[in-house]
Amino acid sequence: DLPLWEGELAADGDLLELRIAHAAAAPYAYQLAARITEPLGTLRWQAEWTTQNLSPHVFRAELPEALRVTARVQGDGGLRDARLQAVLHGEGTPEGPWEGQLAGAVDTTAARLDRLMLDSPLGRVQGEGVWPLQAQADQALSARLAWQDLRWPGTAFDSPAGELRLDGTLERFGLNMQ
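Reference entry: report on the structure contained in this document. (Residues numbered from 1 in each chain as written. Predicted model: local features only at pLDDT ≥ 70, side-chain atom pairs only at ≥ 80, totals over all residues. Heavy atoms only, no water.)

1. A short note on the overall build of the protein chain
Test applied: Secondary structure elements are taken from DSSP: a helix is a run of H or I of four residues or more, a strand is a run of E of two residues or more, and numbering for both begins at the N terminus. Between the two quantities, the radius of gyration covers C-alpha atoms and the globule rule is 2.2 Å times the number of residues to the power 0.38. Relative accessibility under 20% of the residue-type maximum defines a buried residue, over 50% an exposed one, and the middle range a partly exposed one, all with a 1.4 Å probe and only protein chains included. Contacts were defined at the residue level, with two residues in contact if any of their heavy atoms lie within 4.5 Å. For the area figures, the Shrake-Rupley method with a 1.4 Å probe applies, and any residue is considered shielded solely by the protein chains shown.
On a plain count of helices and strands, the protein chain comes out with 0 helices and 12 strands. Counted from the first residue to the last, the protein chain has its helices and strands arranged as β-β-β-β-β-β-β-β-β-β-β-β. For 178 residues, the compact-globule estimate of 2.2 N^0.38 gives 16 Å, and the C-alpha radius of gyration of the protein chain, at 20 Å, exceeds that figure by more than 25%. A burial count over the protein chain gives 24% of its 178 residues as buried. The contacts in the protein chain between residues at least 6 apart in sequence include a share of 27% that link residues at least 24 apart. Split by element, the accessible area of the protein chain, about 11,800 Å² in all, is 57% carbon and sulfur.

Here it is as structure tokens:
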């Protein structure tokens, strides 16, 4: 069972602009601010979600009790497109603190991951990619995942550097790992 969810919601505006503010009480402990312009016309939106010292253990008992996550997620877009950026920080795990970043966009033709980065005492992982959203066989797809000083605790897995690449089209693609 999930903990009781409580919070406050405020909305203010008119048919040209609407502002929404939402704050959830602990253990959810997040804030959301959103702005919607021209909701009846060429709708555009901007939003930011933040949390500080969130305890994921409250929601998933198998996660370390000391784990705390701080995050900021920002996005903007319209009815046919969106951009997203996220910055994450975690601490309280036996392996040590970690940082993460994510940036990407989506429109009617493709989803694009501009930046994926995870940096921790267990290594650094970076990635990017473009994936078509329409079933056209000639649309290009590409993805790259690279790592440095990657190790997995409790195992013999240890890789100083490597890269995994996926390139091609929906009909014909190749996968390469170095």
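2. Examining unusual backbone geometry
Backbone phi values are negative for most residues with the exception of glycine, while trans is the configuration of most peptide bonds. Here the residue pair Ala-26 and Pro-27 is connected by a cis peptide bond, since its omega of 10 degrees sits within 30 degrees of zero. Of note, the phi angle at Glu-38 is positive, near 45 degrees, even though the residue is not glycine. Following the sequence through the fold, Glu-38 ends up in the loop between strand 3 (30-37) and strand 4 (44-54). Given the relative accessible area of 38%, Glu-38 is considered partly exposed. Residues other than glycine seldom take positive phi values, yet Asn-53 does so here, at roughly 55 degrees.

3. Considering the pattern of salt bridges
Applied cut-off: Throughout this description, the term salt bridge denotes a Lys or Arg side-chain nitrogen within 4 Å of a carboxyl oxygen of Asp or Glu.
Applying the stated criterion to the full structure yields 12 salt bridges. For Arg-19, the salt bridge goes to Asp-12, with nearest N and O atoms at 3.0 Å. When the shortest N-O distance is used, the salt bridge between Glu-128 and Arg-144 registers 2.5 Å. Taken together, the residues span a long stretch of sequence, with Glu-128 in strand 9 (residues 123-132) and Arg-144 in strand 10 (residues 140-151) at a distance of 16 residues. Exposure remark for Glu-128: the relative accessible area of 29% places this residue in the partly exposed category. Put simply, Glu-128, Arg-144, Glu-163, Arg-165 and Asp-167 are held in one network by salt bridges that share partners.

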